[in-house]
Amino acid sequence: MWKGRKTHALRKDLALEPNPSDHPRASTIFPSKSQTDVREKRRSNHFNHVSPGQLTKKYSSCSTIFLDDSTVSQPNLRTTVKCMTLAIYYHIKNRDADRSLDIFDERLHPLTREKIPEEYFEHDPEHKFIYRFVHTLSSAAQLTADGAVVTLVYLERLLTYAEIDICPTNWKRIVLGAILLASKFWDDRAVWNVDDCQILKDVTVEDMNEMERHFLELLQFNINVPFSVYAKYYFDLRSLADDNNLNVLVTPLSKERAQNLEAISRLCDDKYKDVCRAAMRRSVSADNFIAIRRSNAILS
């Protein structure tokens, strides 16, 4: 009886912990999933006297500043998708268990009519396979780079809210659901589930609608992403890219490029202030509240 009370108290304490997809000060989940692998890679490189990126990585100096073309308000799409899929890869590889729900189980709701051997679901997918799948879906859904960041936010929110794990049997449907929501509610694009069925030809519209409905219910219809949470995920993804030596093209900062960055920053700041003034002038409905918070995350 004491053990039961102790377990109940522990679950209650865990429930009170701030959710990383809701609170800016709560640590994101995916960096902790990758730490073990990163440490092993560094240890292996040290023993083998290998310095990854030492010859190709460029470092800033007093006279020259090297920057890539990705900013928090305008991330690079290819790099962001590559980082986001790497985070998903570590989520699958270093998951705690195989907790899942039937609606996301690909064995119960296959995405293809082709017979998939049971062995397929016994092995973790490689990063390049996850990237190809997400790249195809994101192109069809016209997902933006910041939408890719929000896709990861929704994914981690689902895992924590529903208390499930992303594993070989459910990762495709979970990622598909997260991308659909990010495209519709974050990027505000008129993406119809029937359009995605043109890519996944063996999936019915009814199945897509049902999965999207379950996804929203499991998120408790919380699709709001504050800017502080978005920025946290963005910079953690950049750190993940650096830890894993992902190739990111950097070029010297020229005067013209610095002026362009300053202009973009000023434009985003002005647009953000306009949204805030509009919010002060009228009562904020639920729809406007979501739109305002979404604008903060994109523009700041």
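Residues numbered from 1 in each chain as written. Predicted model: local features only at pLDDT ≥ 70, side-chain atom pairs only at ≥ 80, totals over all residues. Heavy atoms only, no water.

Looking now at the overall build of the protein. For the protein, the count of helices and strands is eleven helices and two strands. Counting from the amino terminus, helix and strand elements in the protein follow one another as α-α-β-α-α-α-α-α-α-α-β-α-α. A burial count over the protein gives 41% of its 300 residues as buried. (Helix = DSSP H or I, 4+ residues; strand = E, 2+ residues; numbered from the N terminus. Buried < 20%, exposed > 50% of the residue type's maximum accessible area, 1.4 Å probe, protein only.)

Another aspect to go through is the environment of Tyr89. Within the secondary structure, Tyr89 sits in helix H3 (residues 77–93). Look at Tyr89 and you get buried, because its relative accessible area is 19%. Along the sequence, Tyr89 and Ile130 sit 41 residues apart, while their C-alpha atoms lie 7.2 Å from each other. With near-sequence residues (within four places) excluded, Tyr89 lies in contact with Pro125, Glu126, His127 and Ile130. (Contact = heavy atoms within 4.5 Å.)

The next thing to look at is the nonpolar core. Within the largest apolar cluster, 61 residues are counted, with the highest numbers of intra-cluster contacts made by Ile88, Tyr154, Ile166 and Val175. Secondary-structure elements contributing two or more residues to this core are H3, helix H4 (127–140), helix H5 (145–162), helix H6 (171–186), helix H8 (205–218) and helix H9 (227–243). Other than its neighbours up to four places away in sequence, Ile88 contacts Ile130, Leu152, Leu155, Ile166 and Val175. (Core = buried A, V, L, I, M, F, W, Y, C linked by side-chain atoms within 4.5 Å.)

Glancing now at the side chain of Arg157. Along the chain, Arg157 turns up in helix H5. Setting aside residues no more than four positions away along its own chain, Arg157 makes contact with Ser21, Asp22, Leu219, Asn222, Ile223, Asn224 and Val225.

Moving on: H3. Residue pairs three or four apart in sequence face the same way in an α-helix, which turns once every 3.6 residues. Relative to the 24 Å expected for 17 residues at 1.5 Å per residue, H3 spans 24 Å between its end C-alpha atoms, a close match to the ideal helical length. Burial of H3 is extensive: twelve of the 17 residues sit out of reach of the surface. Measuring from the side-chain oxygen of the N-cap residue of H3 to the backbone nitrogen of Arg78 gives 3.2 Å; that N-cap residue is Asn76. (Expected span 1.5 Å × (residues − 1). Polar contact = N/O pair within 3.5 Å; in protein donor to acceptor, adjacent residues only side chain to side chain.)

For the rest of this paragraph, the subject is the pattern of salt bridges. A side chain of one charge can pair with a side chain of the opposite charge when the charged atoms of the two come close. Considering all chains together, one arrives at eleven salt bridges under this definition. Across the pair Lys33 and Asp96 runs a salt bridge whose closest N-O atoms are separated by 3.5 Å. In this pair, Lys33 is assigned in helix H2 (residues 30–47) and Asp96 in the loop between H3 and H4, connecting sequence segments 63 residues apart. We classify Lys33 as buried; its relative accessible area is 13%. Glu126 serves as the salt-bridge partner of Lys128, at 3.8 Å between the closest nitrogen and oxygen. The network of salt bridges with shared partners includes Arg95, Asp98 and Asp124. (Salt bridge = Lys/Arg side-chain N within 4 Å of Asp/Glu carboxyl O.)

Turning our attention to H5. Its 18 residues give H5 an end-to-end C-alpha distance of 26 Å, which sits within 8% of 26 Å, the value for a rise of 1.5 Å per residue. In terms of residue burial, H5 counts as a mostly covered element, since 16 of its 18 residues are buried. Glu163 sits one or two positions beyond H5 and adopts a positive phi of about 55°.

In this model, the protein carries a mean pLDDT of 77, and residues with pLDDT of at least 70 account for 65%. Mean pLDDT values over the elements of the protein span from 39, in helix H11 (residues 286–299), up to 96, in H5. In this model, residues 1–14 is a region of pLDDT below 50 whose contacts with residues beyond four sequence positions or in other chains number zero contacts. Note on residues 282–300: pLDDT is under 50 here. Beyond four places in sequence and across chains, it has 35 contacts. (pLDDT = per-residue confidence, 0-100.)

How two aromatic rings sit relative to each other is set out by the distance from centre to centre and by the angle between their planes. By the definition in use, this model includes eight aromatic pairs. Where Phe30 meets Tyr233, the ring centres are 6.1 Å apart and the plane angle is 45°; that geometry is what we call tilted. Here Phe30 is found in helix H2, whereas its partner Tyr233 is found in helix H9, with 203 residues between them in sequence. Within the aromatic cluster, the residues linked to one another by ring pairs are Phe129, Phe133 and Trp171. (Phe/Tyr/Trp six-rings, centres within 6.5 Å; stacked < 30°, edge-to-face > 60°.)

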